[in-house]
Amino acid sequence: MFGYIIINKAEMKFKEFDVYHSFYCGICRDLKRKYGACGQIALSYDMTFLAMLLTGLYEPETRTGSCKCIAHPFEKHRTSNNMFTEYAADMNALFAWYKCRDDWQDERKIWKLIYGRMLEGKTGKLREDYGEKLKRISLLMQEFTEAEQAENADIDTLAGLFGQVMAQIVTPREDEWAENLQTFGFFLGKFIYICDAYEDVERDIKKGTFNPLKVKYGSPDFEEECRTILMMMMSECCREFEKLPILENVEILRNILYSGVWGRYEAVHEKRVQQ
């Protein structure tokens, strides 16, 4: 379901991209250190945004370095690591495990079952480190799964449940910024869920799998209604973001929120209107 919280590289300066990629590589190193190669497979740009958001807000000590890896074997690349790249790595591994579980339940993909079990073993310590948070996330994910299995066609209900999950993920502490982060995460999560449903609706109709937008697909107002809802969600998300006292790498974060998140939606939309 992730893959939407990405940069618009065409509108980013080279220096900004280097900083952004250094956090991506930093999370990759934390995943390898804590979860091995199976953790690195779960690496996503979405969690790079999370690490940079929390770094900009809390300004922790960040260690910079350089390294080579399988993806970049011939030249060293910059890395940035801090307590929030590690937190992002933990959330990355946790959510990859949930995704494997859901894919196995929905489509019986055997490799997802195997990979999910590998991650389950590796992420056992997370239950100790993030006990209460994981309890809340687990209850929300269970409610979310049950709603999808019951084929609850109310997209606002389903998007809201996923929004509550994201609210937990983007809020690492119970402090003065927790309420802002939770509201920010809630609307970001709703945006992601609706975008995902919008992108997959044709495939789900063909495969006969659940999608809350299936009942509206094909109506004259479908495209306009989806865009309006998505704009409302991202507007609320950006409003909360601008309340946060973030200075460090703020232009990179704005590039993602005001432009990058729309990339996949625009690609799907253009393809559909041209058919």
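The structure presented is a predicted model; accordingly, all values stated were derived computationally and were not measured.

> For this particular structure, what's the right way to read helix α1 (residues 14-40)?
Residues separated by three or four positions in an α-helix point in the same direction, a consequence of the helix having 3.6 residues per turn. The end-to-end C-alpha separation of α1 is 25 Å, well short of the 39 Å expected for 27 residues at 1.5 Å each. Where α1 bends most, at Lys 34, the angle is about 115°.

> What is the right way to look at unusual backbone geometry in this model?
Negative phi values dominate among residues other than glycine, just as trans dominates among peptide bonds. In the Ramachandran plot, Glu 59 falls in the positive-phi region, its phi being about 50° despite a non-glycine side chain. Relative to the helices and strands, Glu 59 is located in the loop between α2 (45-58) and β1 (63-67). One non-glycine residue, Asn 249, adopts positive backbone phi at about 60°. Within the secondary structure, Asn 249 is located in the loop between α9 (222-243) and α10 (250-258). The class of Asn 249 is partly exposed, set by a relative accessible area of 22%.

> Looking at this structure, I do not really get the pairing of strand β2 (residues 77-81). What am I missing?
Side chains on a regular strand alternate between the two faces of the sheet. Burial of β2 is extensive: 4 of the 5 residues sit out of reach of the surface. Of the pairings in the sheet, the one linking β1 to β2 comprises 5 bridges and is antiparallel in character. Each residue of the ladder has a partner; that of Cys 67, found in β2, is His 77.

> Is there a simple way to explain the confidence of the model for the protein chain in this structure?
Regions with low pLDDT carry predicted coordinates that are not meant to be interpreted in detail. For the protein chain, the mean per-residue pLDDT works out to 88, and 87% of the residues sit at or above 70. When pLDDT is averaged over each element of the protein chain, α10 comes out on top at 98 and helix α4 (residues 110-122) at the bottom at 60.

> Could you clarify how one ought to interpret empty space enclosed by the protein in this entry?
The rolling of a water-molecule-sized probe over the atoms marks out the regions of remaining empty space. Taken as a whole, this structure holds 2 cavities of 30 Å³ or more when the rule is applied. Looking at the largest cavity, its volume works out to about 60 Å³. What lines the largest cavity is a set of 10 residues, among which Ile 5, Asp 46, Leu 50, Met 166 and Val 170 lie closest to the centre. Mapped by element, the contributors of at least two residues to the lining of the largest cavity are α2 and α7 (155-169). Per-element tally for the lining of the largest cavity: the top contributor is α2, with 4 residues. As for the second largest cavity, its lining consists of Ile 155, Ile 194, Leu 213, Lys 216, Phe 222, Glu 225, Cys 226 and Ile 229.

> So what exactly am I meant to see when it comes to the environment of Ala 93 here?
Relative to the assigned elements, Ala 93 resides in helix α3 (residues 83-107). With relative accessibility at 0%, the residue Ala 93 sits in the buried group. Measuring from C-alpha to C-alpha, the distance between Ala 93 and Cys 38 comes to 9.1 Å, with 55 residues separating the pair along the chain.

> I would appreciate a short explanation of helix α11 (residues 263-274) in the present structure.
The terminal C-alpha atoms of α11 lie 17 Å apart, and with 12 residues this matches the ideal 16 Å at 1.5 Å per residue to within 8%. Along α11, the residues that are buried comprise Tyr 265, Val 268, His 269 and Arg 272. One side of α11 carries all its buried residues, which in axial view fall inside an arc of 100°. Exposed positions of α11 whose direction lies more than 90 degrees from the buried face are Lys 271 and Gln 274.

> How should the packing of aromatic side chains be read in this particular structure?
Any two aromatic rings considered together are summarised by their centre-to-centre distance and by the angle between their planes. Under the counting rule described, the total for this entry stands at 15 aromatic pairs. Aromatic side chains Phe 144 and Tyr 193 sit 5.6 Å apart centroid to centroid with 90° between the ring planes, which places their arrangement in the edge-to-face category. Remark: Tyr 193 occurs in helix α8 (residues 178-207) and Phe 144 occurs in helix α6 (residues 131-149); sequence separation between them is 49 residues. As far as burial versus exposure is concerned, Phe 144 and Tyr 193 are alike and both buried.

Definitions and cut-offs
Residues numbered from 1 in each chain as written. Predicted model: local features only at pLDDT ≥ 70, side-chain atom pairs only at ≥ 80, totals over all residues. Heavy atoms only, no water. Helix = DSSP H or I, 4+ residues; strand = E, 2+ residues; numbered from the N terminus. Expected span 1.5 Å × (residues − 1). Bend = angle between axes of the 7 residues up to and from the residue. Buried < 20%, exposed > 50% of the residue type's maximum accessible area, 1.4 Å probe, protein only. Pairing = 2+ DSSP bridges. pLDDT = per-residue confidence, 0-100. 1 Å grid on protein atoms, 1.4 Å probe; cavity = no way out; pocket = protein on both sides within 12 Å on 5 of 7 lines; lining within 4 Å. Points joined across faces, edges and corners; volume = space filled by probe spheres on them. Arc of directions from axis to C-beta. Phe/Tyr/Trp six-rings, centres within 6.5 Å; stacked < 30°, edge-to-face > 60°.

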